[in-house]
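Fold and contact review
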Amino acid sequence: MAQVKFTPNLKRFFPDLCECEIDACTVAEIVTAVDNRWRGLGDYIIDEQGALRKHVNIFVGDELLRDKQTLSDRVSADTKIFIVQALSGG
């Protein structure tokens, strides 16, 4: 199962959020699974069209998510996923 970690900042909105393992083939399936566990988290991660929101980044292993429109990046049992808030400003 893929190991999913979250930035600590998300605990402000989801206090019981914790690292978890999810059986999935794509990042989109992972987002669906975490939304089923923590209702509303999916809306924080993706927009109304299913694309990654601008204020969120997802790392698949050591690489930034490639498909930000449909989240079709493949994952395997040993993949590490890290969901973080994107930083901006000057």
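Predicted, not measured: the structure shown is a model, and the values here were computed from it.

Here we come to the overall build of the protein. In terms of helices and strands, the protein carries two helices and five strands. Summarising its shape, the C-alpha atoms of the protein cover approximately 35 × 30 × 25 Å along the three principal directions. Among the 90 residues that make up the protein, the fraction classed as buried is 43%. Long-range pairs, those at least 24 residues apart, make up 49% of the contacts in the protein with a sequence separation of at least 6. With an accessible surface of roughly 5,600 Å², the protein has 50% of that area assigned to carbon and sulfur atoms. Averaging the locations of the 11 positively and 14 negatively charged side chains of the protein gives two centres separated by 4 Å.

A few words on unusual backbone geometry. Here the phi dihedral of leucine 71 falls at roughly 55°; this positive angle occurs in a residue that is not glycine. For leucine 71, a relative accessible area of 2% gives the class buried.

Counted under the stated rule, the structure contains three salt bridges. Across the salt bridge formed by arginine 39 and aspartate 35, the nearest N and O atoms sit 3.8 Å from each other. On the accessibility criterion, arginine 39 (61% relative accessible area) is exposed. In this structure, the salt-bridge partner of glutamate 48 is arginine 53, at a minimum N-O distance of 3.6 Å. The class for glutamate 48 is exposed, based on a relative accessible area of 66%. The partly exposed category is assigned to arginine 53, whose relative accessible area is 24%.

Moving on, we get to the side chain of threonine 79. Here threonine 79 lies in the loop between strand S4 (63–64) and strand S5 (80–85). A polar contact of 2.8 Å, which involves the side chain of threonine 79, links it to the backbone nitrogen of serine 76. Here threonine 79 is in contact with Ala2, Gln3, Val60 and Gly61, once residues within four sequence places are set aside.

What counts and what doesn't
Residues numbered from 1 in each chain as written. Predicted model: local features only at pLDDT ≥ 70, side-chain atom pairs only at ≥ 80, totals over all residues. Heavy atoms only, no water. Helix = DSSP H or I, 4+ residues; strand = E, 2+ residues; numbered from the N terminus. Buried < 20%, exposed > 50% of the residue type's maximum accessible area, 1.4 Å probe, protein only. Contact = heavy atoms within 4.5 Å. Areas by Shrake-Rupley, 256 points an atom, 1.4 Å probe, with all protein chains shown as cover. Lys, Arg positive; Asp, Glu negative; His and termini not counted. Charge placed at Lys NZ, Arg CZ, Asp CG, Glu CD. Salt bridge = Lys/Arg side-chain N within 4 Å of Asp/Glu carboxyl O. Polar contact = N/O pair within 3.5 Å; in protein donor to acceptor, adjacent residues only side chain to side chain.

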